[in-house]
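# Structure at a glance
The residues making up each chain are set out below.
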Amino acid sequence: MIEIKNLHAKVDGKDILKGVDLTIRPGEVHAIMGPNGAGKSTLSYVLAGRDGYEVTKGSVTYYGKDLLALEPEERAAAGVFLAFQYPVEIPGVANTTFLKTALNAIRKHRGEKELDAMQFLKLLREKTKALGMSDEMLKRAVNVGFSGGEKKRNETLQMAVLEPKFAVLDETDSGLDIDALKIVAEGVNALRSPERSMLVITHYQRLLDYIVPDHVHVLAAGRIVKSGGKELALELEKNGYRDFGVNEAA
Amino acid sequence: MATMTTTYSTRGADPATAPAFLAPLDHLRSGLPGAALSWVRDLREQGRERFAAVGLPTVRNESWRYTNLRDLGKLTFQPAVTADSDACFDVLPTVRPEGHGPRLVFVDGRFRAELSSTEGLPAGVELLSLATALTDHGDLVGDHIGRLAAADDRPLVALNSAYLADGPVLRIPRGVALAQPIELVFVSVGAEGRATSFHPRTLIVAEAGSRAVVVEHHVGCGTGTTLANHVAEIFVGEGATLHHYKAQREGGAAFHLSHTAATVAKDGCYDNFILTLGGRLSRNEVVSTLAGTDARTHVSGGYMVRGNQHADTTTLIDHAQPNGTSREVYKGVIDDTARAVFQGKIIVRPQAQKTDGHQLNRALLLSDTAEIDAKPELEIHADDVKCSHGCTAGELDDNALFYLRARGIDQETARGLLIGAFLAEAMEEIAEEPIREAFHSLVAGWLEEKR
Ligand SMILES: Nc1ncnc2c1ncn2[C@@H]1O[C@H](COP(=O)(O)OP(=O)(O)OP(=O)(O)O)[C@@H](O)[C@H]1O
Ligand SMILES: [Mg+2]
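Residues numbered from 1 in each chain as written. Chains lettered and ligands numbered in written order. Predicted model: local features only at pLDDT ≥ 70, side-chain atom pairs only at ≥ 80, totals over all residues. Heavy atoms only, no water.

### With respect to the overall build of chain B
Applied cut-off: Per the convention used, a helix needs a DSSP run of H or I reaching at least four residues, while a strand needs a run of E reaching at least two, with both numbered from the N terminus. Atoms counted for the radius of gyration: C-alpha only. Globule rule: 2.2 Å times the number of residues to the power 0.38. Partly exposed residues are those whose accessible area sits between 20% and 50% of the maximum for their type, while under 20% is buried and over 50% is exposed, using a 1.4 Å probe and protein chains only. The contact criterion used throughout is that any non-hydrogen atoms of two residues lie within 4.5 Å. Throughout, the Shrake-Rupley method with a 1.4 Å probe supplies accessible areas, and for residues the shown protein chains are the sole cover considered. The positive count covers Lys and Arg only, the negative count covers Asp and Glu only, and His and the chain ends enter neither. By convention, charge coordinates are those of NZ in Lys, CZ in Arg, CG in Asp, or CD in Glu.
A tally of regular secondary structure across chain B gives ten helices and 23 strands. For 451 residues, the compact-globule estimate of 2.2 N^0.38 gives 22 Å, and the C-alpha radius of gyration of chain B, at 21 Å, lies within 12% of that figure. Its C-alpha atoms give chain B principal-axis dimensions of about 70 × 55 × 50 Å. For chain B, the proportion of its 451 residues judged to be buried stands at 59%. Restricting the contact set of chain B to residue pairs at least 6 apart, pairs at least 24 apart contribute 85%. Accessible area for chain B stands at about 17200 Å²; split by element, carbon and sulfur atoms hold 48% of it. Each charge class in chain B was averaged separately, 43 positive and 58 negative side chains, and the resulting centres sit 3 Å apart.

What follows is the structure in structure tokens.
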């Protein structure tokens with residue numbers, strides 16, 4: 001279970017998160033929507049442990065542990081996964097090498113045996129095929145020269161390989177064509193299980209037709225201002241964020 | 001050869017440092033090999049005179065602006081003692097997993113026959129020590145030594161000539177292609193409590209149409225201060241190809257100074273790659289002259305320094321004839337308070353039309369106190385040429401580092417992946433796969449050490 005309590009965070013001296021409260025139980029999928037600049041990505045970075053995001057107040061408890069005290073790699077090993085809104089290009093590091101290093105690091109941390117090259121390739125082929133990705137994309141450097149949609153698929157592939165316990169998907173749907181959206185959503189749904197929780201950040205209710213959330217929240221100006229069921233997303237689609245005291249021009 | 005009296009300019013040099021470096025010569029000279037050959041005596045004498053007049057270069061010498069030999073000048077070096085003592089190494093470095101093959105081993109600059117082998121070399125290939133050559137093959141070395149490495153404006157070449165005694169000699173006859181690499185192993189041992197110097201001279205003659213791969217390993221053991229002052233003269237004949245790789249990873253008390261001068265005839269190719277990991281202070285000078293039309297040269301490398309190491313790479317590519325191609329790709333990784341220097345000059349002579357020259361030096365600074373001084377220089381006297389150069393210095397990408405860590409990869413491994421990726425562009429310049437692999441492991445070892 002993930003419990004975010006009264007979370008305040010600063011970036012570059014600027015208060016961005018101003019008291020986020022959110023509890024996600026095992027097996028649940030929560031969606032967060034909200035205007036640009038509300039702090040959605042900031043929340044995801046704080047959860048993943050990015051440098052420069054200073055938590056000034058509040059706590060995040062992850063299965064009884066103080067998540068904020070862990071290094072990013074320890075969080076990943078503990079099962080936290082962030083699908084980046086803007087996946088990073090890493091010239092010179094092959095996608096396969098990257099995935100293998102990551103998976104084995106996490107397996108090692110969990111006390112599992114590391115996979116050898118053959119075992120890993122077999123696993124990777126399966127996952128790649130399921131996501132409609134080409135082998136060629138695996139040989140290339142991580143995200144380098146990938147189209148926007150390919151980068152998002154690559155994020156989904158990483159999630160499928162690493163099998164996290166808590167996945168934060170930051171606008172994984174943006175930039176995807178209609179077919180890709182379905183494929184990625186299927187990939188995400190395949191991972192849904194009673195032990196696994198997800199936090200899906202999106203601007204579009206469309207994604208939530210495929211990945212049906214248990215709860216929908218509105219994050220505005222650094223706070224969760226409204227929570228509801230999946231019908232809240234439909235309501236937002238119709239009315240925008242006006243009702244939440246958000247000046248959309250800002 | 002007549003001895004001439006010349007007056008030398010001492011600007012950018014410090015003659016006061018000379019006596020300490022030359023003193024040991026007095027009781028050595030008569031015992032040096034080849035004393036019977038007048039050209040050898042002349043070469044030594046000219047070197048001695050030249051160095052006596054100028055001493056070590058100082059930072060006022062334009063070419064030494066960023067590399068200060070002050071610490072070196074303060075030491076009193078003694079020549080290496082005859083190296084037949086038990087050396088402090090178990091396994092000599094090799095790029096051959098099976099370990100057998102032609103190689104020459106030099107300990108503190110002296111040839112060690114019992115560690116060397118010329119097994120498996122095709123008939124006609126000569127691989128021997130200079131000391132032996134000076135005794136038995138005076139003609140072979142006499143035609144070449146001293147022809148490329150000019151002592152006039154290079155005091156350290158002069159010093160090397162003054163001590164000319166030993167080093168590897170390789171001649172690949174016309175049309176012969178060597179199937180396996182030749183390894184040259186230089187071990188710096190030195191002695192406890194005193195500073196030891198040696199001045200190896202390398203000669204490689206790749207005759208027309210020949211092909212060879214030469215791999216140099218420079219390693220160290222022991223804690224004594226050493227000065228290895230290398231000079232190499234390399235002749236690449238018409239249509240010949242010479243791949244010349246070097247890995248320098250001597251210890252923290254090693255000074256490594258090296259001057260390599262190559263000349264490439266028509267259609268020939270000289271391919272040089274230097275990986276610098278070791279030494280307290282190192283300087284690799286590579287001068288490659290495209291002396292025939294349609295000649296090619298690749299002068300590339302990687303330098304990785306940390307602590308208070310200093311690594312200097314100074315290259316000169318001289319396009320003297322038309323249709324030449326040169327390619328230079330250097331990558332450097334600098335940590336802690338280490339400092340690196342890159343000076344790369346390309347000259348295109350008036351007649352060298354249709355020259356294609358490309359130079360790149362990129363440095364990665366891993367700490368706020370790491371330093372790179374880079375000075376690229378193009379001197380183009382022909383009008384129909386294509387020349388480019390680029391120099392950059394940067395840091396590790398924080399975003400990439402976080403991305404890797406967010407996937408469970410620990411910080412040091414993540415840094416290692418990114419550093420390895422950064423170096424890849426240079427490492428890919430190593431055309432021979434087994435050697436690329438071997439050099440990759442050296443880089444991996446360097447990254448490991450940090451942890
Ligand atoms: N490094 C930074 N320095 C200053 N302000 C920053 C920095 N990073 C983010 N911000 C600000 O923090 C606020 C929240 O940004 P965040 O990326 O979390 O928004 P978001 O809700 O994810 O928006 P979007 O829907 O556009 O992705 C924005 O106003 C942004 O400009
Ligand atoms: Mg965002």
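Next comes the rest of the write-up.
### Looking at the packing of helix α9 (residues 411-427) of chain B against helix α10 (residues 433-449) of chain B
Residue and element names in this part refer to chain B. Counted only if it meets this: Helix axes are fitted to C-alpha atoms over the stretch in contact, other axes to C-alpha atoms as well, and angles between N-to-C directions run from 0 to 180 degrees. Orientation is classified from the angle alone, with under 35 degrees giving roughly parallel, over 145 giving roughly antiparallel, 65 to 115 giving roughly perpendicular, and any other angle giving oblique. Handedness of a crossing is defined here by the sense of rotation of the near helix relative to the far one, left-handed for an anticlockwise turn of less than a right angle and right-handed for a clockwise turn. Residue classes follow a fixed rule: Ala, Val, Leu, Ile, Met, Phe, Trp, Tyr, Cys and Pro count as nonpolar, while Asp, Glu, Lys and Arg count as charged, and any other residue, Gly among them, counts as polar.
At a closest axis distance of 11 Å, the pairing of α9 and α10 adopts a crossing angle of 150°. Relative to α10, the element α9 is oriented roughly antiparallel. With respect to the hand of their crossing, α9 and α10 are arranged in right-handed fashion. Side by side, α9 and α10 meet where G416, I419, L423 and M427 of the first sit next to R436, F439, H440, V443 and L447 of the second. Of the residues belonging to the contact of α9 with α10, the class tally is six nonpolar, two polar and one charged.

### Observations regarding the site of ligand 1
All names here are of chain A. What counts here: For this purpose, a residue is taken to be near a molecule or strand whenever a single non-hydrogen atom of the residue falls within 4 Å of it. By the criterion applied in these results, polar contacts are pairs of N or O atoms within 3.5 Å in which, for protein atoms, one can donate a hydrogen and the other can accept it, and in which residues neighboring in sequence qualify only through two side-chain atoms.
Around ligand 1, 15 residues are found, and the nearest of them are G37, K40, S41, T42 and H203. A distance of 2.7 Å separates an oxygen atom of ligand 1 from a polar atom in the side chain of K40. For ligand 1, whose unbound accessible area comes to 640 Å², protein coverage reaches 68%. Breaking the shell around ligand 1 down by element, the ones donating at least two residues are β2 (14-24) and α1 (40-48). Grouping the constituent residues of the shell around ligand 1 by class yields four nonpolar, seven polar and four charged.

### Considering unusual backbone geometry
Despite not being glycine, A:E171 has its phi angle at roughly 50°, a positive value. Within the element layout of this structure, A:E171 appears in the loop between β9 (166-170) and α7 (178-191). Of note, the phi angle at B:D336 is positive, near 50°, even though the residue is not glycine. Position of B:D336 among the secondary structure elements: in the loop between β19 (325-334) and β20 (339-348).

### What to know about a negative patch on the surface
Where we set the bar: Residues enter patches when they are more than 30% accessible in relative terms and free of salt bridges; like-charged ones are connected within 9 Å and nonpolar ones (Val, Leu, Ile, Met, Phe, Trp, Tyr) within 5 Å. Put simply, a salt bridge is a Lys or Arg side-chain nitrogen that is within 4 Å of an Asp or Glu carboxyl oxygen.
A cluster of acidic side chains, namely A:D51, B:D368, B:E395, B:D397 and B:D398, defines a negative patch on the protein surface. Relative to the helices and strands, B:E395 resides in the loop between β23 (386-394) and α8 (398-405). According to the relative accessible area criterion, B:E395 is exposed, its value standing at 64%.

### Some thoughts on the coordination of the magnesium ion (ligand 2)
All names here are of chain A. Note the cut-off: Donor criterion used throughout: N, O or S atom within 2.8 Å of the metal, extended to 3.2 Å for Na, K and Ca. Water excluded; incomplete-looking sites may result.
Protein ligation of the magnesium ion (ligand 2) involves S41 (OG) and Q85 (OE1), the donor distances falling in the range 2.0 to 2.1 Å. On the criterion of sequence distance, the pair formed by S41 in helix α1 and Q85 in the loop between β6 (80-83) and β7 (90-94) is long-range, its members being 44 residues apart. The pair S41 / Q85 is uniform in exposure class, with both members buried.

### Considerations on the sheet that holds β6(A)
Residues and elements named next belong to chain A. To keep things clear, this is the line we draw: Two strands pair if DSSP finds at least two bridges between them.
What the six strands build is an open sheet, ordered β6-β9-β10-β3-β11-β12; its pairing is mixed. Each edge of the open sheet is held by one strand with a lone partner, namely β6 and β12 (223-228). With direction set aside, neighbouring strand axes in the sheet form an average angle of 20°. Here α1 sits on the sheet in contact with β3 (29-33), β6, β9, β10 (197-201) and β11 (215-220), set at roughly 150° to β9. Strand contacts of helix α9 (residues 231-239): β3, β11 and β12, with the helix running at about 115° to β12, the strand carrying the most contacts.

### A few points about the pairing of strand β21 (residues 356-365) of chain B
Residues and elements named next belong to chain B. Buried residues dominate β21, accounting for seven of its ten residues. Strand direction decides the pairing type here: β19 and β21, joined by ten bridges, are parallel. Counted as the bridge partner of Y330 is N361 from β21.

### Brief notes about the sheet that holds strand β5 (residues 110-111) of chain B
Residue and element names in this part refer to chain B. Ordered by their spatial adjacency, ten strands build an open sheet running β5-β4-β8-β11-β13-β15-β17-β19-β21-β23, and the pairing between neighbours is mixed. Every interior strand has two partners, whereas the edge strands, β5 and β23, have only one. As paired elements, strand β15 (residues 269-276) and strand β17 (residues 296-305) share eight bridges and run parallel to each other. Bridging across to β17, D271 finds its partner in H298. The sheet contacts of α9 involve β15, β17, β19 and β21, and relative to β19 the element is tilted by about 160°. Packed on one face of the sheet, α10 meets β11 (211-220), β13 (241-249), β15, β17 and β19 and runs near 15° to β13.

### Some words on the packing of helix α6 (residues 148-162) of chain A against α7(A)
Residues and elements named next belong to chain A. Contact geometry of α6 with α7 gives a least axis separation of 10 Å together with a crossing angle of 15°. Overall, the two elements α6 and α7 adopt an arrangement that is roughly parallel. Our pair here, α6 against α7, has a crossing hand that is left-handed. Judged by residue contacts, R153, T156, M159 and A160 of α6 engage A180, I183, V184, V188 and L191 from α7. Of the residues in the contact of α6 with α7, the class split is seven nonpolar, one polar and one charged.

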